[in-house]
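Take a look at the letters that make up each chain.
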Amino acid sequence: MKKFYVMMLMAVAFAMPSKAQVSFGVKGGLNFTNMSFDKGSVDDILKNKTGFFVGPTVKFQLPVVGLGIDGAVLYDQREGDIEVYTGFSENDKSTEKLKSQSIQIPINLRYEIGLGEKANIFVFAGPQVGFNIGDKTSELWNDMAEWRLKSSNFSANVGLGFTILSHLQVSANYNIALGKTGEVDFKSATDKTWDTVKGEAKANSWQIALAYYF
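A. Spotlight on the pattern of salt bridges. Per the counting criterion, the structure on display carries three salt bridges. Arginine 78 is the partner of aspartate 76 in a salt bridge, and the nearest nitrogen-oxygen pair spans 3.0 Å. You can call arginine 78 buried: its relative accessible area is 10%. Through salt bridges with shared partners, one network takes in Asp70, Arg110 and Glu112.

B. Up close: the environment of glutamine 61. Mapped onto the secondary structure, glutamine 61 falls in strand β4 (residues 50–61). In this structure the C-alpha to C-alpha distance between glutamine 61 and tyrosine 111, which are 50 residues apart in sequence, comes to 9.8 Å. Polar contacts involving the side chain of glutamine 61 include one to the main-chain carbonyl oxygen of leucine 67, which spans 3.3 Å.

C. The environment of tyrosine 111, seen in detail. Structurally, tyrosine 111 is set in strand β7 (residues 93–114). When the C-alpha atoms of tyrosine 111 and glycine 68 are compared, they prove to be 6.3 Å apart, with 43 residues separating the residues in sequence. Contact partners of tyrosine 111, with chain neighbours within four places excluded, come to Val65, Gly66, Leu67, Ile121, Phe122 and Val123.

D. Focus on the side chain of threonine 33. With respect to the helices and strands, threonine 33 occurs in strand β1 (residues 21–37). Of the residues examined, threonine 33 reaches a relative accessible area of 5% and is grouped as buried. At a separation of 3.1 Å, a polar atom in the side chain of threonine 33 contacts the side chain of serine 205.

E. How the structure looks around unusual backbone geometry. Backbone geometry places leucine 165, a non-glycine residue, at a positive phi of 55 degrees. Secondary-structure assignment places leucine 165 in the loop between β11 (152–164) and β12 (168–177). On the basis of relative accessible area, leucine 165 is assigned to the exposed category, the value being 62%. One non-glycine residue with positive phi stands out, namely serine 166, at about 65 degrees. Classification of serine 166 by relative accessible area gives partly exposed; the value is 33%.

What counts and how
- Residues numbered from 1 in each chain as written.
- Predicted model: local features only at pLDDT ≥ 70, side-chain atom pairs only at ≥ 80, totals over all residues.
- Heavy atoms only, no water.
- Salt bridge = Lys/Arg side-chain N within 4 Å of Asp/Glu carboxyl O.
- Buried < 20%, exposed > 50% of the residue type's maximum accessible area, 1.4 Å probe, protein only.
- Helix = DSSP H or I, 4+ residues; strand = E, 2+ residues; numbered from the N terminus.
- Polar contact = N/O pair within 3.5 Å; in protein donor to acceptor, adjacent residues only side chain to side chain.
- Contact = heavy atoms within 4.5 Å.

By themselves, these figures tell us nothing about what the structure is for.
What follows is the structure, encoded as structure tokens:
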């Protein structure tokens with residue numbers, strides 16, 4: 001299934017109509033991640049949920065009024081601090097950092113509404129595929145748990161933005177994980193018997209981006 005999604009993205013990117021107007025640029029922005037496990041949310045203990053992304057982008061203006069496609073190849077970094085209580089006191093806390101580094105490839109269909117010759121507002125939506133390029137496993141709380149990231153992931157974007165002076169673009173979107181981002185194994189000891197509780201995790205993100213097209 002993953003191979004099908006990748007092939008679909010590549011087909012959309014390279015099978016553009018010959019009459020499409022093409023613009024190249026650079027894009028960067030911030031991630032604000034929300035993480036949840038299949039057994040419940042961890043947003044109450046996940047702090048500093050920030051990250052960033054940056055990379056080249058391309059925009060295709062299709063020969064249909066207002067309709068276009070944009071794509072990008074982005075270096076994406078997301079991280080957060082998990083705080084848990086390890087005792088009965090408020091001071092008995094342990095903090096571990098979860099971090100991911102990946103290459104994300106979004107391809108969005110967009111519809112623009114002109115606000116004069118030099119400005120427009122637009123809405124967009126589309127698929128995104130990512131490939132992990134950082135550490136895939138992390139030991140947490142002195143090996144009491146292990147965090148494992150998937151080698152690749154699939155998600156979707158939906159958002160809106162505006163363009164000014166025909167070159168500068170500001171946008172905001174919600175990135176929705178369409179499968180598990182990773183999983184964590186929580187280990188507990190009773191006498192000499194070790195049991196492992198596995199939990200699957202999803203990471204959704206609000207994203208704010210600034211792009212400049214040449």
